[in-house]
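So the chains spell out like this:
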Amino acid sequence: MTRTTVLASIVAGALLAAAAQGDDPWKVIEVKKDSYRVGVKFKVAPKVGWKESARVWVVPAQGWKVNGKFPFKIDVTVPAGVSAGKASYGKGDAVEQGEKKAVWKLSYKATAAGKAEIKAKVRLSVCKGLEECVTWVEDLKWTIDAREPGE
């Protein structure tokens, strides 16, 4: 066994052990429909005072594409104890956008320790061919459990 293989085995074992113990710091919530998937990936236990970002995505189903002409919009609502980088994100705020996927980074910061629910109302559209387009509004929500930096 080569040194690289041994090292890769050790790292893989540590990652599997952490995942088995529930130490994965990230969580994914996804809504699946016939024509698309929309979801969010976020850090479960962010540190108070640290800037974080959740990734929200829209992925069309097989045979569909992201509607590049639609004015995508994501409205973010945060409770007390969390400050949002922006209250609303548009098509131009996407960090990745093409026919197969659109992705946004929603920034926020926990200002107090404890649990808080963040909500995002996602307005999206996907098309099949040139004529058949559908428009939806999906409500995503996720809970963070902010920790003090020393925890």
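All residue numbers here refer to positions counted from 1 along the written sequence of the relevant chain. Thresholds applied to this predicted model are a pLDDT of at least 70 for local features of residues and 80 or more for the giving and counting of side-chain atom pairs; totals over whole chains, interfaces and linings are not thresholded and use all residues. Note: side-chain values were computed over all heavy atoms of the structure, leaving out hydrogens and water.

### Here's the deal with the pairing of strand S10 (residues 114-128)
Note the threshold: Only when DSSP finds a minimum of two bridges between them are two strands counted as paired. Counting from the N terminus, the helices are DSSP H or I runs at least four residues long and the strands are E runs at least two residues long.
In this structure, strand S4 (residues 65-66) lies alongside S10, joined through two bridges in antiparallel fashion. Each residue of the ladder has a partner; that of Lys 65, found in S10, is Cys 127. Judged from the five bridges that link them, strand S5 (residues 73-77) and S10 form a sheet pairing that is antiparallel. Paired with Ile 74 across the bridge in S10 is Val 122.

### Considering the environment of Val 137
Worth spelling out the cut-off: Residue exposure (1.4 Å probe, protein chains only): buried if accessible area is under 20% of the type maximum, exposed if over 50%, otherwise partly exposed. It only takes one pair of heavy atoms within 4.5 Å for two residues to be counted as in contact.
With respect to the element layout, Val 137 can be found in strand S11 (residues 132-146). Overall, Val 137 belongs to the partly exposed group, its relative accessible area being 43%. As a C-alpha pair, Val 137 and Lys 121 span 16 residues in sequence and 6.7 Å in three-dimensional space. The residues touching Val 137, leaving out its near neighbours within four places in the chain, are Lys 121, Val 122 and Arg 123.

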